[in-house]
Amino acid sequence: MTEPAVKYIEGATGPWEIVLGLEVHAQVSSKSKLFSGASTEFGAEPNTQVSLVDAAMPGMLPVINEFCVEQAVRTGLGLKAQINNWSRFDRKNYFYPDLPQGYQISQFQFPIVGEGEVLVDLPGGATRIVRIERLHLEQDAGKCLHDQSPNESLVDLSRSGIALMEIVSKPDMRSAEEAGAYVKKLRTILRYLGTCDGNMEEGSLRADVNVSVRKPGGPLGTRCEIKNVNSVRFIGQAIEYEARRQIDVLESGGTIDQETRLFDSKTGETRTMRSKEDAHDYRYFPDPDLQPLVLDKAYVDAIAAGLPELPDVRRARYINEFGLSPYDASVLVAERETAAFYEAVAKGRDAKLAANWVIVELFGMLNKRGVGIEESPVSAARLGELLDLLADGTLSGRLAKEVFEIMIETGGAPKAIVEERGLVQVTDTGAIEAAVDAVIAANPDKVAEVRSGKDKLLGWFVGQVMKSTGGKANPQVLNDILRKKVMGE
Ligand code: MN
């Protein structure tokens, strides 16, 4: 692990350091809401997924959804965090049209999950730890729609009451790149755990970014919170803009007001939304409709026993068992589906060769087509069969790439393609010798040049023989014969 990769920003008065902490709201992957049985499915018509509890009808009582509790505990364990066996729901009081209760049920003093950590992978293979302060469960609010009517605002309560995990980091990040890498890693972990789909476009993962600046080594500055940023790219833009704004204010003799700001993705700017409330403004108090949440050890242990292999462990295994480079290992474990695909290809085969083919050829092809690995026209089994033909000498590397291209187009099996198109590599020494002899006989001048020391021309001979054999000559055998015949070795 390395120390924070501090990237100072130059101001008129010298360098400044950015200090960043993130509060990520992750929607729990659950079919029903945190305190009601209403559906959470994305994209439904407005106000079609609203129970009486979500609409805050008088006398309705919330009932905790045990599955959501389990997902929060799973996530806590995945973040190597303290699981609190006793936690409590509080009412966070504020008025907003999309919040019919007049308060949000959240956890304030006693969250379900305490301190943990995330190992963040930085470009270039460095890693560092970002500490987690807490994770608590809370309800999402509804949504105000301001663009449906010219003179009215409408309210959609379908989102009201959906379970969120608010994951709060310590102010451990020092650059936009680190914050982006942190969100990516957090998303990877949540997806491995299956506790949140991490879909930022649909809003299932959104970040509030706390930004402040200070002189290197100086006391912490006043922070501003940028609300609900919903892509890794926007997080980076918002941080860069906000840090520069604060530096400009401070350098021109002003002070930073603690406030909540909005990021406008069209202009790339942040602007004031409201001055920041402190916790006491919300008049938190324990929700009298809900019992404290008490988890026994056996319950938590059972969830721990069911955790999947997480990305950091898997990455270490790829490096130690398969001999992959840290970079290749990181690329392959970034998505659970990719890792599963790779392992299916590598099983019983040369693991490094499999990694190469998956990362270079397969990913290259998928990127070109703009599709995910689930939609790959070449299955893991088929790619494995292709590697077998490479291993047993049927195909040279060059022919294997040719067969791979045909597999993409036709979806065919590599063996059948090799047979139909006669793409088998020629390893028969006699046939290759004959081809070499023909090229030598036709080019006595070139032979003389090579013999007088122009070794590089040997590549030209390789090309000529490959041309005359349709690219099928075994490169190893061809090289040996050429060296013998042309160079007299
Ligand atoms: Mn929150």
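Here's what I pulled together on the structure shown here.

Brief notes about the sheet that holds strand β4 (residues 90–93)
Right, on to step 1. Strands sit in the order β5-β4-β15 across an open sheet of three strands; the sheet is antiparallel. Looking at strand neighbours, the two that pair on one side only are β5 (103–106) and β15 (285–286), the edges of this open sheet.
Right, on to step 2. Bridge analysis of β4 against β15 gives two bridges, and the strand direction is antiparallel. What sits directly across from R91, in β15, is F285.

Some words on the coordination of the manganese ion
Right, on to step 1. Looking at the manganese ion, the protein donor atoms are H25 (NE2), E138 (OE) and E166 (OE), and they sit 2.0 to 2.2 Å from it.
Right, on to step 2. Owing to a relative accessible area of 3%, E138 belongs among the buried residues under this scheme.

Brief notes about helix α8 (residues 351–369)
Right, on to step 1. Look at α8: 26 Å from first C-alpha to last across 19 residues, which is about the 27 Å you get at 1.5 Å a residue.
Right, on to step 2. Largest kink in α8: about 30°, centred on F363.
Right, on to step 3. Among the residues making up α8, those that are buried are A351, A354, A355, W357, V358, I359, E361, L362, F363, M365 and L366.
Right, on to step 4. On its buried side, α8 packs onto α5 (311–322), α6 (326–333), α7 (336–346), α9 (380–391) and α10 (397–410).
Right, on to step 5. Note on α8: the residue one or two positions beyond its end, G370, has a positive phi of about 65°.

Considerations on empty space enclosed by the protein
Right, on to step 1. Tallied over the full model, the rule gives one cavity of 30 Å³ or more.
Right, on to step 2. Within this model, the largest cavity holds a volume of roughly 70 Å³.
Right, on to step 3. Every residue lining the largest cavity is listed: V53, D54, D98, L99, P100, Q101, Q139, D140, A141, G142, S160 and G161.
Right, on to step 4. Looking at the lining of the largest cavity residue by residue, the classes come out as four nonpolar, five polar and three charged.

Description of the nonpolar core
Right, on to step 1. Grouped together as the largest cluster of nonpolar side chains are 105 residues, with contacts concentrated most on I112, Y182 and Y342.
Right, on to step 2. For this core, the domains that each give at least three residues are domain 1 (8–303) and domain 2 (310–421).
Right, on to step 3. If we skip the residues at most four places from it in the chain, Y342 touches Y318, F322, L324, L332, A351, A354, A355 and V358.
Right, on to step 4. By size, the runner-up hydrophobic cluster in this structure holds 18 residues, among which are V436, V450, M466 and A473.

Focus: a nonpolar patch on the surface
Right, on to step 1. On the surface, a cluster of nonpolar side chains totalling about 270 Å² of accessible area is made up of L52, M57 and M60.
Right, on to step 2. Relative to the elements of secondary structure, M60 occurs in the loop between β2 (14–27) and α1 (66–78).

Brief notes about the packing of aromatic side chains
Right, on to step 1. Counted according to the given criterion, the structure contains eleven aromatic pairs.
Right, on to step 2. Pairwise contacts between aromatic rings join Y94, F108, Y282 and Y284 into one cluster.
Right, on to step 3. A cation over a ring is seen here: K92 above Y282, with NZ or CZ 4.5 Å from the ring centre.
Right, on to step 4. The positively charged end of K446 is found above the aromatic ring belonging to W460, 4.5 Å away from the centroid.

Here we look at unusual backbone geometry
Right, on to step 1. Of note, the phi angle at A56 is positive, near 60°, even though the residue is not glycine.
Right, on to step 2. One can find A56 in the loop between β2 and α1.
Right, on to step 3. Classification of A56 as partly exposed rests on a relative accessible area of 26%.
Right, on to step 4. At K80, a position not held by glycine, the phi torsion is positive, near 50°.
Right, on to step 5. Within the secondary structure, K80 is located in the loop between α1 and β3 (86–87).

A closer look at the pairing of strand β14 (residues 269–275)
Right, on to step 1. Pairing analysis gives six bridges linking strand β13 (residues 259–264) to β14, with the strands arranged antiparallel. Bridging from a neighbouring strand, R261 pairs with T272 of β14.
Right, on to step 2. Connecting the antiparallel pair β13 and β14 is a turn made up of four residues, with G268 showing a positive phi of about 75°.

The rules we used
- Residues numbered from 1 in each chain as written.
- Predicted model: local features only at pLDDT ≥ 70, side-chain atom pairs only at ≥ 80, totals over all residues.
- Heavy atoms only, no water.
- Pairing = 2+ DSSP bridges.
- Helix = DSSP H or I, 4+ residues; strand = E, 2+ residues; numbered from the N terminus.
- Donors = N, O, S within 2.8 Å, 3.2 Å for Na, K, Ca; no water.
- Buried < 20%, exposed > 50% of the residue type's maximum accessible area, 1.4 Å probe, protein only.
- Expected span 1.5 Å × (residues − 1).
- Bend = angle between axes of the 7 residues up to and from the residue.
- Contact = heavy atoms within 4.5 Å.
- 1 Å grid on protein atoms, 1.4 Å probe; cavity = no way out; pocket = protein on both sides within 12 Å on 5 of 7 lines; lining within 4 Å.
- Points joined across faces, edges and corners; volume = space filled by probe spheres on them.
- Nonpolar A, V, L, I, M, F, W, Y, C, P; charged D, E, K, R; others polar.
- Core = buried A, V, L, I, M, F, W, Y, C linked by side-chain atoms within 4.5 Å.
- Domains from an automatic or database assignment.
- Patch = residues over 30% accessible without salt bridge, like charges linked within 9 Å, V, L, I, M, F, W, Y side chains within 5 Å.
- Areas by Shrake-Rupley, 256 points an atom, 1.4 Å probe, with all protein chains shown as cover.
- Salt bridge = Lys/Arg side-chain N within 4 Å of Asp/Glu carboxyl O.
- Phe/Tyr/Trp six-rings, centres within 6.5 Å; stacked < 30°, edge-to-face > 60°.
- Lys NZ or Arg CZ within 6 Å of the ring centre and 35° of its normal.

Fair warning: the whole summary comes from geometry, so function is off the table for now.
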